[in-house]
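A look at the structure
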Amino acid sequence: MDHNATRQAARIRAGERSIAWWKEAHRLQLALCDDLEAIADSLPSNIVNQDCLFAAKSLGRLIRDVHAYEEETLFPALRQVFQASGEFTLALDRLTFEHLADECYADDIAEKLVYIGSGGRDVNMEALGYMLRGFFDALRRHIAFERDHFSSAIDTLVGAVDRQPKPVLK
Ligand SMILES: [Fe+2]
C-alpha cells in the first residue's frame with residue numbers, strides 16, 4: 001500500500017472539507033476589522049470599555065485558529081496541487097510570513113485593548129490608533145489577496161479531491 005499517496009489524499013480531502021469554514025472565518029475577520037476600526041475612531045474620548053474587551057477576546061483566538069487551518073491544512077493541500085508553480089509557492093510563503101507578523105501585532109493590540117477596556121486611560125492614544133489602523137488595514141489586504149488569488153485555485157483543489165482514487169473495500 002502506498003501510504004504516502006494515502007496521506008496526500010487525506011490532506012487534500014481535509015483541505016476541501018474545511019473550505020466553507022475558511023470562507024466564514026474570513027467574514028468573521030473582516031467583521032473584527034470593522035470593530036477595531038470603530039474602536040480606533042472612538043479614541044481618545046469615546047471609548048466603550050466592553051467593546052475593547054470583546055475585541056481583545058476575539059482577536060487572538062480567531063487569528064490563531066484561521067492561521068492554524070491555513071498553514072496546517074489549506075496551504076499544504078494547495079502546495080501539493082500547485083507544486084509546479086513557483087509563483088504560487090512564493091505567494092504562500094509570503095502569506096505565511098504575514099501570519100507571523102499579524103499574530104505578533106494581534107497579541108500587542110489585545111493586551112492594550114484589555115488595558116483600556118478595564119478602564120486604563122494612561123496610554124498613548126495616538127500611537128494606539130495608529131497601531132490599530134495599521135493592523136486592520138494589513139489584515140483586510142491579506143484577506144483580499146487570499147480571496148482574489150485562491151478562488152480558482154480552490155476550485156482546482158476541489159476538483160483534485162474528486163479525482164482521488166476511491167478506496168477499494170474487500
Ligand atoms: Fe492568511
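Attention here is on the structure that accompanies the text. (Residues numbered from 1 in each chain as written. Predicted model: local features only at pLDDT ≥ 70, side-chain atom pairs only at ≥ 80, totals over all residues.)

Description of helix H4 (residues 86–117)
Basically, it comes down to this: Secondary structure elements follow DSSP: runs of H or I no shorter than four residues count as helices, runs of E no shorter than two count as strands, and numbering proceeds from the N terminus. In this analysis, the expected span of each helix is defined as 1.5 Å times one less than the number of residues it contains. Burial is judged by counting the other C-beta atoms within 10 Å of a residue's own C-beta: 20 or more makes it buried, 12 or fewer makes it exposed, and any count in between marks it as partly exposed, with every C-beta position built from the backbone.
Compared with the 46 Å implied by 1.5 Å per residue over 32 residues, the 45 Å span of H4 between its first and last C-alpha is a close match. Those residues of H4 that sit buried are Leu92, Ala106, Ile109, Ala110, Leu113, Ile116 and Gly117. Gly119 occupies a position one or two residues after H4 and carries a positive phi of about 105°.

Description of the nonpolar core
Quick reminder of the rule: A set of buried residues drawn from Ala, Val, Leu, Ile, Met, Phe, Trp, Tyr and Cys, joined through C-beta atoms within 7 Å, is what defines a nonpolar core. It is the C-beta atoms, placed from the backbone, that decide contacts: two residues are in contact if theirs lie within 7 Å.
Ranked by size, the top nonpolar core spans 18 residues in total, and within it Ala55, Leu59, Ile109, Leu113 and Leu132 carry the most contacts. Among the secondary structure elements, those contributing two or more residues to this core are helix H2 (19–42), helix H3 (49–81), H4 and helix H5 (125–163). When residues of this core are assigned to their parent elements, the largest contribution, six residues, is made by H3. With residues near it in sequence (within four places) discarded, Ile109 still touches Leu59, Met131, Leu132 and Phe135. Within the second largest apolar cluster, nine residues are counted, among which are Leu74, Leu78, Ile154 and Leu157.

Taken by themselves, the reported measurements are silent on function.
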